[in-house]
Amino acid sequence: MYYKTLPYRIFSTCNYVLLALVSILCLLPLYHLLMVSLSSAAPANGGLVTLWPIGLTFEAYAKTFNNTNFLSALWVSIQRTVLGTALAIFINTIAAYALSKDTRVFRARNIYLWYFVVTMLFSGGLIPSYILILKLGLMNSLFALILPGMIGVYNVILLLNFFRSIPKELEEAAFIDGAGYLRTFFNIFLPVSLPAIATISLFIMVGHWNSYFDGLIYIRDSAKLPLATFMQTIIIQADVTKLDPQAIANLSQRTIRASQIFIGALPILIVYPFLQRFFVKGIVIGAVKE
Amino acid sequence: MDANTVQPISQEKAQRTKRKSGYRQPWMLHFMVLPAAILVFIFSYIPMTGILMAFQDYKANLGLTGSPWVGLKHFKYMLENDYFLQITWNTVFFACAKIIFNLIIPIFFALLLNEVRNMGFKRSIQTLVYLPHFLSWVTLAGILIDLLARTGLVNQFLTSMFGIKPIFFLGSGGWFRFTVIFSDVWKEFGFNTIVFLAALAGINPALYEAAEVDGAGRWKQTRHITLPALVPFIIVVATLALGNVLNANFDQIFNLYNPLIYQQGDIIDTFVYREGLLSGQFSFATAVNLFKSVISIILIIISYRFAYKFAGYRIF
């Protein structure tokens, strides 16, 4: 056997070490951030913190959670994520169910499909979308963050392919028992495809949580900014025109910045184990075609 | 009496069949697609009409119907503009570098990971390397700006280990390019490994057994079995990436760049944002965007054609 030979054993050992180093490199920046956020202000500002906290304290987190701007941004993000994901899942799955029907049953299917796919290829671009939101009076509204990106055509296609892989017998049995399309969708297809729907919801949630650009252009009222946009303007652009004096004082503190970034990343870290279990399947769902 | 009992049943039956077919008529399916179709119409199709403003001098108070038409003025200005040529080159440079490294490194990593026989170790490695893909560029830029600062951890490390003078990673053009490509590969290589790992898992073990019997070592097995099995996947991933030649990742550049390095770091998308929304040159920005989308679409169509022709790939 090849793996018992000496050269392969040497290679294998080196390989294990290399892979371990590379994967630690993937985690290190986030770990360092956490350590900075848990240190006291002086050593952190002096750049002394590396792999463990110096003067362990939760002061930065306490200050962050006393910051009303931060809390309101957090609340906006939670709202948009929950509401946006729920609505998106409902509208996308129900459309995907109809589009999963054969052309013989649903003659307009291909027309609809192309109608959706065209938007994947071509879009009006930044300025026309911005003007549309302006004209619709959605500026500063939560709906400006939820509605424009709600139909993920890629998700619809994934779901559609998944629905097609469900045995036809299930649907036929429901039809014979007198169920219509709506009832078949809600009572048969939805329960059967919960794992796939859960996967896609997680992806939509992560997308909403991480999305900052729509908040940047559609929300002018700083009390209505979602968290990602809030962090973008404060930490990265350091846009002091949008800040109150308290926030400016906080900004100079590395530990507080670190704690805000870490809290922003925390929900992703929490759902990550679930995502990881599902996403390989998620990619596979779309691969099964007839 | 018989006639009386039979009559109502058959009537009810007739009614039921009528109702059943009523529930299962195509209008129900139309009804189910409708919400999605309306949203797409409002938020995707209506903005498409706004493309017309690329051929106008759009004024907000005059609107799309009232603004004066100027033909190809903005396109002419764009193509004669040296700065535009520079950012187009920047965009293509970033995108191509990312495509190449995001292809080579994941293949290499998948091959190495495939040699790991300890399943627990393999799974832990996978968990760690997929993680950065899910973090947003806002988070990562926040971390990177801190780490890569003149007095940041990376420079501290380099100075103490190799005695190098502090490098201004985000402040000088050449280093900025390096940082952008390196951090993108760092973020995405793990996730891009998935496709190749799936391909490796699909190789028939009997091939390796046969090679083993014929006396092939692991390196020969890799060269003559594993790599050829990966080729179709590499072709698909590479051709599909062709459609991204003008996509250099707005989110990343936007969160990392600064006016100091616009010459080497600015890309088409960030330029459109600044010209359009910050300077209010709606028409010019739309023209630049249109130019980019038209070329992108042509590339996407070509790449899908190729992927279908060479590897039988299709999306639905």
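Owing to the predicted nature of the structure, the values given are computational and were not obtained by experimental measurement.

Further remarks concern the overall build of chain B. Within chain B, the secondary structure is distributed over 15 helices and zero strands. For a compact globule of 316 residues, the expected C-alpha radius of gyration is about 20 Å, and chain B comes in at 28 Å, more than 25% above that figure. Seen along its three principal axes, the alpha-carbon backbone of chain B occupies a region of about 110 × 75 × 35 Å. Looking at chain B as a whole, 47% of its 316 residues qualify as buried. Intrachain contacts of chain B at a sequence separation of at least 6 include 65% that bridge at least 24 residues.

Let's shift gears to unusual backbone geometry. The backbone of N140 of chain A shows a phi angle near 65°, a positive value even though the residue is not glycine. Not every positive phi belongs to a glycine, and N249 of chain B is a case in point at roughly 75°. Tracing the sequence through the fold places N249 of chain B in the loop between α11 (218-241) and α12 (250-256). Residue N249 of chain B is classed as partly exposed on the basis of its relative accessible area of 25%.

So, on to the nonpolar core. The biggest cluster of nonpolar side chains holds 166 residues, and the ones touching the most others in it are L99, F116, I151 and F163 of chain A together with Y273 of chain B. Not counting chain neighbours up to four residues away, the residues in contact with F163 of chain A comprise T93, A96, Y97, S100, F185, F189 and S193 of chain A.

Evaluation of the coordinates by the stated rule reveals eleven salt bridges over all chains. The salt bridge partner of R254 of chain A is D146 of chain B, with a shortest N-O separation of 2.8 Å. You can see R254 of chain A sitting in helix α15 (residues 254-285) and its partner D146 of chain B sitting in helix α7 (residues 137-147), one on each of two chains. By relative accessible area, R254 of chain A is classed as buried at 11%.

What follows covers the confidence of the model for chain B. Residue and element names in this part refer to chain B. For chain B, per-residue confidence averages 88 on the pLDDT scale, and 92% of positions sit at 70 or higher. Here helix α1 (residues 2-23) is the element of chain B with the lowest mean pLDDT, 50, and helix α5 (residues 82-114) is the one with the highest, 95. Between residues 1-8, whose pLDDT stays under 50, and residues either more than four places distant or in other chains, the model counts zero contacts.

A few words now on helix α8 (residues 153-164) of chain A. Spanning twelve residues, α8 of chain A covers 16 Å between terminal C-alpha atoms, matching the ideal 16 Å at 1.5 Å per step. Within α8 of chain A, ten of the twelve residues are buried, leaving the element largely enclosed by the surrounding structure.

Attention now moves to the domain arrangement of chain B. Residues and elements named next belong to chain B. Domain annotation for chain B reports domain 1 (2-55) and domain 2 (73-311). Here domain 1 and domain 2 have C-alpha centroids that lie 44 Å from each other. On the domain 2 side, the residues contacting the five residues of domain 1 number seven residues. For the pair domain 1 and domain 2, the summed buried area comes to about 460 Å², and 78% of that belongs to carbon and sulfur atoms. On the domain 1 side of the contact with domain 2, I51, M53 and A54 bury the most area, a combined 84% of that side's loss. Here domain 1 is connected to domain 2 by zero salt bridges. Across the domain 1-domain 2 interface, the total number found is one residue pair in polar contact (both at pLDDT 80 or more).

Okay, the domain arrangement of chain A next. Residue and element names in this part refer to chain A. Under the domain assignment, chain A is made up of domain 1 (2-37) and domain 2 (59-285). A straight line from the C-alpha centre of domain 1 to that of domain 2 covers 34 Å. Of the residues lining the interface, six residues belong to domain 1; the matching set on domain 2 comes to nine residues. Between domain 1 and domain 2 the total buried area reaches about 660 Å² when both faces are included, carbon and sulfur atoms providing 78% of it. By the criterion of area lost to domain 2, the three top residues of domain 1 are L33, V36 and S37, representing 68% of everything that side buries. Where domain 1 touches domain 2, the interface holds zero salt bridges. Along the contact surface separating domain 1 from domain 2 lie one residue pair in polar contact (both at pLDDT 80 or more). Looking at the side of domain 1 that touches domain 2 residue by residue, the class counts come to four nonpolar, two polar and no charged.

Residue and element names in this part refer to chain A. Remark: α8 packs on helix α11 (residues 194-210), axes separated minimally by 11 Å, with the N-to-C direction vectors making an angle of 170°. On the basis of the axis angle, α8 is roughly antiparallel to α11. Between α8, through N155, L158, L159 and F162, and α11, the contact on the second element is made entirely by A196, I197, I200 and I204. Split by residue class, the contact of α8 with α11 holds seven nonpolar, one polar and no charged.

Rules of the game
Residues numbered from 1 in each chain as written. Chains lettered and ligands numbered in written order. Predicted model: local features only at pLDDT ≥ 70, side-chain atom pairs only at ≥ 80, totals over all residues. Heavy atoms only, no water. Helix = DSSP H or I, 4+ residues; strand = E, 2+ residues; numbered from the N terminus. Rg over C-alpha atoms; globule rule 2.2 N^0.38 Å. Buried < 20%, exposed > 50% of the residue type's maximum accessible area, 1.4 Å probe, protein only. Contact = heavy atoms within 4.5 Å. Core = buried A, V, L, I, M, F, W, Y, C linked by side-chain atoms within 4.5 Å. Salt bridge = Lys/Arg side-chain N within 4 Å of Asp/Glu carboxyl O. pLDDT = per-residue confidence, 0-100. Expected span 1.5 Å × (residues − 1). Domains from an automatic or database assignment. Buried area = accessible area lost by both parts, 1.4 Å probe. Polar contact = N/O pair within 3.5 Å; in protein donor to acceptor, adjacent residues only side chain to side chain. Nonpolar A, V, L, I, M, F, W, Y, C, P; charged D, E, K, R; others polar. Axes fitted to C-alpha atoms, helices over the stretch in contact; angles between N-to-C directions. Parallel < 35°, antiparallel > 145°, perpendicular 65-115°, else oblique.

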